[in-house]
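Here is what each chain is made of, one letter per residue.
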Amino acid sequence: MLFGFVAVPPPVGRGRRPGSGSGSADSEGAGRHRPSTAVAPDRVRPGGRGGVRPAVPEDAEAIVRMRSAHILAEPLSEEWIRRCANELAPRLGPAGDARAFVLDAPDGALAACALGLVHSALPTPDRPRGLAARLHIVATRPDLRRRGCARAVVSALVDHLAEKEHVTRFEVDASVEAAPLYRELGFTGSPVSMRMTRPEPPAADGAPGRGSGWLPPERYAETVLKATAFACVYYTDEDDRPLQLHSVYSPAHPWQLVGGTMDPGERPWETAVRECREETGLTPPSPPRLLATVYGLPGAGWPYSSLGTVFDGGRLTPAQIRGIVLDPREHDEVRVLPLAAWRALMPPGDFARLSAVERARRTGEAAYFGTWDWEE
């Protein structure tokens, strides 16, 4: 039998846990509250190592496997584990609706996890934000049970949601064995938990439809990687010394290749040609010759990944270099230097990218530079 429990913590101060009280699963939090006796998460260390930590998108597959192995009556297939992990990963990000805390085991796998899904509800005077959360997954590895692992991850999750994200209503369907733990943490309820599942019918034409588990394109688009795209042109002088422009707006990246961000509807080569003309007055030679593909992860400086292409602009004569006309809103100097001389003028990541592009030009083998991350 499953019990439907509801916890509605009062306003909590620093260091307090949600209280417990009386009431039914349908109550709006009536009853008295007392501090929880839950073990502090950072004191639960299976095997003497590790501790409770917030889950990140990279934990999605491990959490799904915990659910498959220890919660579901029938384990998921590998295909469905992949689907669920792909669904969960972006939702564990800052903009998602899933929050989880996990406990690492000494062997590197998860010892326990607790995942909640946050949703909006109509506000009331005592809960003006109207935020609620359902504990969707709480699981502990069988060999690590009876050590306070579940208590630790659930306590950490509830505390975070209540104190950091102002969630005021919590719901969970608990087994008879787990009911005492949830009561200690402040949940109240009764064995009245009703539910209904109405499977969606397959598409009439037999093609993948709503019943197949596939998302509509507009919803799927919300889950895929978001990235900023750019295109650059690599120029040198007749002695193969790299040419770069000095930025007036980016002290973090003072010396830059000719190029910029793609506009909607543009293809990479079209961006390279447009940016080249805008920034220097030059037109790169056709057909395009790809020198490098550049990728960077998001970081503190930018919330999206970066994906770019670098094309070969060829060798410029002294007259062509003197004839470059800069856009003063973007650059204030053109400089040509031997590759080694650029090292002292650029961040390490920028110089490594320039070196990869120079090597691609010299060897004729296109480069893949996949570590131009925003953290740098």
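Here the structure is a predicted model, which means the values were calculated and not measured.

Visitor: Go over the overall build of the chain, please, and point to the residues and values.
Guide: Within the chain, the regular secondary structure consists of 9 helices and 15 strands. The buried share among the 376 residues of the chain stands at 44%. A fraction of 65% describes how many contacts in the chain between residues 6 or more apart in sequence connect residues 24 or more apart. For the chain, the accessible area works out to roughly 20800 Å², and carbon and sulfur atoms hold 56% of it.

Visitor: How would you sum up the pattern of salt bridges? Please name residues and give values.
Guide: Taken as a whole, this structure holds 26 salt bridges when the rule is applied. We note a salt bridge from R99 to E165, for which the minimum N-O separation is 2.6 Å. Taken together, the positions of R99 in strand β3 (residues 98-104) and E165 in the loop between α3 (149-163) and β6 (169-175) put the pair 66 residues apart, joining distant regions of the chain. Accessibility expressed as a relative area gives 14% for R99, which makes it buried.

Visitor: Could you give me a rundown of the packing of aromatic side chains, with the residues and numbers involved?
Guide: Summed over the entire model, instances satisfying the criterion amount to 5 aromatic pairs. Directly above the aromatic system of W372 lies the positively charged group of R353, at a separation of 4.1 Å from the ring centroid.

Visitor: Go over helix α9 (residues 348-363) with me, naming the residues and quoting the values.
Guide: Working note: α-helix, 3.6 residues per turn, so residues spaced by three or four point in the same direction. Counted at 1.5 Å a residue, the expected span for α9 with its 16 residues is 22 Å, and the 22 Å between its end C-alpha atoms agrees. In this structure, the buried side of α9 is in contact with β8 (227-237), β9 (242-247), β12 (290-296), β13 (305-316), α8 (339-342) and β15 (367-369). At the exit of α9 stands G364, carrying a positive phi of roughly 80°.

Visitor: Tell me about the side chain of T228, residues and numbers included.
Guide: Counting through the fold element by element, T228 comes out in strand β8. Apart from the residues within four sequence positions on either side, T228 is in contact with T261, W302, Y304, S305, S306 and L307.

Visitor: Explain the packing of helix α1 (residues 60-70) against helix α2 (residues 78-91) to me, using residue names and the numbers behind them.
Guide: Two numbers describe how α1 lies on α2: the axes approach to 8 Å, and their chain directions differ by 130°. When the axes of α1 and α2 are compared, the pair comes out oblique. Here the hand of the crossing between α1 and α2 comes out right-handed. Residues A60, E61, I63, V64, R65, R67 and S68 of α1 pack against E78, I81, C84, A85, L88 and A89 of α2. When grouped by side-chain class, the residues that make up the contact of α1 with α2 number 8 nonpolar, 1 polar and 4 charged.

Visitor: So what about the environment of T280? Which residues, and what values?
Guide: Looking at the secondary structure, you find T280 in helix α6 (residues 268-280). Separated by 41 residues in the primary sequence, T280 and I321 have C-alpha atoms spaced 9.2 Å apart. Among the polar contacts listed, one links the side chain of T280 to the backbone oxygen of C276, at a separation of 2.6 Å. A polar atom in the side chain of T280 sits 3.1 Å from the backbone nitrogen of L282.

Visitor: Help me get a handle on the confidence of the model for the chain, residues and values and all.
Guide: When pLDDT is averaged along the chain, the result is 82; 80% of the residues meet or exceed 70. Across residues 206-212, where pLDDT falls below 50, the model places 8 contacts with residues more than four positions away in sequence or in other chains.

Thresholds, definitions, all that
Chains are numbered independently. Their residues run from 1 in the order of the written sequence. pLDDT decides what is reported in this predicted model: residues at 70 or higher carry local features, side-chain atom pairs at 80 or more are listed and counted, and totals for whole chains, interfaces and linings draw on all residues regardless. Only hydrogens and water are set aside; all other atoms, that is, all heavy atoms of the structure, feed into the side-chain values. Helix and strand definitions follow DSSP, with helices as H or I runs of at least four residues and strands as E runs of at least two, each counted in order from the N terminus. Each residue gets one of three labels from its accessible area relative to the maximum for its type: buried under 20%, exposed over 50%, partly exposed in between, using a 1.4 Å probe on protein chains only. By definition, residues are in contact when any of their heavy atoms lie within 4.5 Å. Accessible surface is estimated by sampling points in the Shrake-Rupley manner with a 1.4 Å probe; for residues, cover comes only from the protein chains shown. The working definition used for a salt bridge is a side-chain nitrogen of Lys or Arg within 4 Å of a carboxyl oxygen of Asp or Glu. Any pair of Phe, Tyr and Trp rings, taking the six-membered ring for Trp, is counted once the centres come within 6.5 Å. Such a pair is stacked with planes under 30 degrees apart, edge-to-face with planes over 60 apart, and tilted for the rest. Only when the NZ atom of a Lys or the CZ atom of an Arg is both within 6 Å of the ring centre and within 35 degrees of the ring normal do we say a charge sits over the ring. To estimate how far a helix should extend, the number of its residues minus one is multiplied by 1.5 Å. The axes are straight lines fitted to the C-alpha atoms, using for helices just the contacting stretch, and the angles between their N-to-C directions are given from 0 to 180°. With respect to orientation, any angle under 35 degrees is reported as roughly parallel, any angle over 145 as roughly antiparallel, any angle of 65 to 115 as roughly perpendicular, and every other angle as oblique. Two helices that cross are described as forming a left-handed crossing if the nearer one is turned anticlockwise from the farther one by less than a right angle, and a right-handed crossing if clockwise. Amino acid classes used here: Ala, Val, Leu, Ile, Met, Phe, Trp, Tyr, Cys and Pro are nonpolar; Asp, Glu, Lys and Arg are charged; the rest, including Gly, are polar. In the analysis that follows, any N or O atom pair within 3.5 Å is treated as a polar contact, provided that within protein one partner can donate a hydrogen and the other can accept it, and provided that, for residues neighboring in sequence, both atoms belong to side chains. Values of pLDDT, ranging from 0 to 100, describe the predictor's confidence in every residue of the model.

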